[in-house]
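# An overview of the molecular structure
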Amino acid sequence: MDVQALTRYAHMSPKKVREVARTIQGRKASVAVEYLLLIPRKSARLIAKTLSSAIANAENNANLSADALFVKSAIVENGPVLKRFKAGAKGTAMPRRKKMSHIRIVLSDGNTN
């Protein structure tokens with residue numbers, strides 16, 4: 001059975017989040033949480049929070065054991081982009097693109113229902 005958690009509008013570039021998300025795919029959920037706590041990046045904290053939410057969803061809503069779960073997929077999608085401007089040389093305006101991402105983590109226990 002598959003259980004998922006979704007974090008929307010995370011203020012971090014999807015490219016930066018995908019680097020960390022690739023490392024936890026296929027791992028056991030409990031091992032993945034410990035692994036993410038060792039990575040000193042903001043994206044690791046965001047993914048760890050989403051993963052903890054997915055584990056809680058599995059335990060409370062689907063009555064699954066946290067020990068049997070593994071990370072089936074960790075998908076990072078593009079969110080909206082905030083377009084801002086910062087002062088540049090000689091009074092010009094330099095564009096800034098503040099990207100956001102949507103983080104989706106799918107956990108599975110291996111059984112198909």
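The structure under discussion appears in the preceding block.
Now for a look at the structure at hand. (Residues numbered from 1 in each chain as written. Predicted model: local features only at pLDDT ≥ 70, side-chain atom pairs only at ≥ 80, totals over all residues. Heavy atoms only, no water.)

## Brief notes about the overall build of the chain
Along its length, the chain carries three helices and three strands. Beginning at the N terminus, the succession of helices and strands in the chain can be written as β-α-α-α-β-β. The C-alpha radius of gyration computed for the chain amounts to 17 Å, which surpasses the reference 13 Å derived for 113 residues by more than 25%, pointing to a less compact arrangement than a globule. C-alpha extents for the chain along the principal axes are approximately 60 × 25 × 20 Å. Put simply, the chain has 113 residues, and 35% of those count as buried. Carbon and sulfur atoms form 51% of the exposed surface of the chain, whose accessible area is close to 7,100 Å². Of note, the chain has its 21 positive side-chain charges centred 21 Å away from the centre of its 7 negative side-chain charges. (Helix = DSSP H or I, 4+ residues; strand = E, 2+ residues; numbered from the N terminus. Rg over C-alpha atoms; globule rule 2.2 N^0.38 Å. Buried < 20%, exposed > 50% of the residue type's maximum accessible area, 1.4 Å probe, protein only. Areas by Shrake-Rupley, 256 points an atom, 1.4 Å probe, with all protein chains shown as cover. Lys, Arg positive; Asp, Glu negative; His and termini not counted. Charge placed at Lys NZ, Arg CZ, Asp CG, Glu CD.)

## Examining the nonpolar core
Nonpolar side chains tend to gather and get buried jointly when the protein is soluble and globular. Residues I24, L36, I47, L51, V71, I105 and L107 are the most contacted members of the largest nonpolar core, which totals 28 residues. Sorting the residues of this core by element identifies β1 (2-10), α1 (14-24), α2 (29-37), α3 (42-61), β2 (70-87) and β3 (93-108) as the ones contributing at least two each. At seven residues, α3 tops the list of elements feeding residues into this core. When neighbours within four sequence positions are excluded, I24 is seen to be in contact with A32, Y35, L36, I47, V71, A74 and I105. (Core = buried A, V, L, I, M, F, W, Y, C linked by side-chain atoms within 4.5 Å. Contact = heavy atoms within 4.5 Å.)

## With respect to the sheet that holds β3
Strand order in the open sheet formed by three strands is β1-β3-β2, with antiparallel pairing between adjacent strands. Both edges of this open sheet fall to β1 and β2, since each of them pairs with a single strand only. Sheet twist, expressed as the average angle between the axes of neighbouring strands with direction ignored, equals 15°. Two strands pair when backbone bridges link them, and β2 and β3 are joined in this way by 15 bridges, in the antiparallel orientation. Opposite V76, over in β3, you have I103 as the bridge partner. Along the sheet, α1 contacts β2 and β3; its crossing angle with β2, the most-contacted strand, is approximately 165°. (Pairing = 2+ DSSP bridges. Axes fitted to C-alpha atoms, helices over the stretch in contact; angles between N-to-C directions.)

## Quick look at the packing of α1 against α3
Taken N-terminus to C-terminus, the directions of α1 and α3 make an angle of 55°; their axes are 9 Å apart at the nearest point. Judged by the angle between their axes, α1 and α3 are oblique. Remark: the crossing between α1 and α3 carries right-handed chirality. Residues K16, V17, V20, A21 and I24 of α1 touch α3, and the partners they reach there are S43, A44 and I47. (Parallel < 35°, antiparallel > 145°, perpendicular 65-115°, else oblique. Left-handed = near helix turned anticlockwise from the far one by under 90°.)

## Comments concerning the side chain of T50
Mapping T50 onto the fold places it in helix α3. Apart from the residues within four sequence positions on either side, T50 is in contact with A5, L6, T7, I103 and I105.

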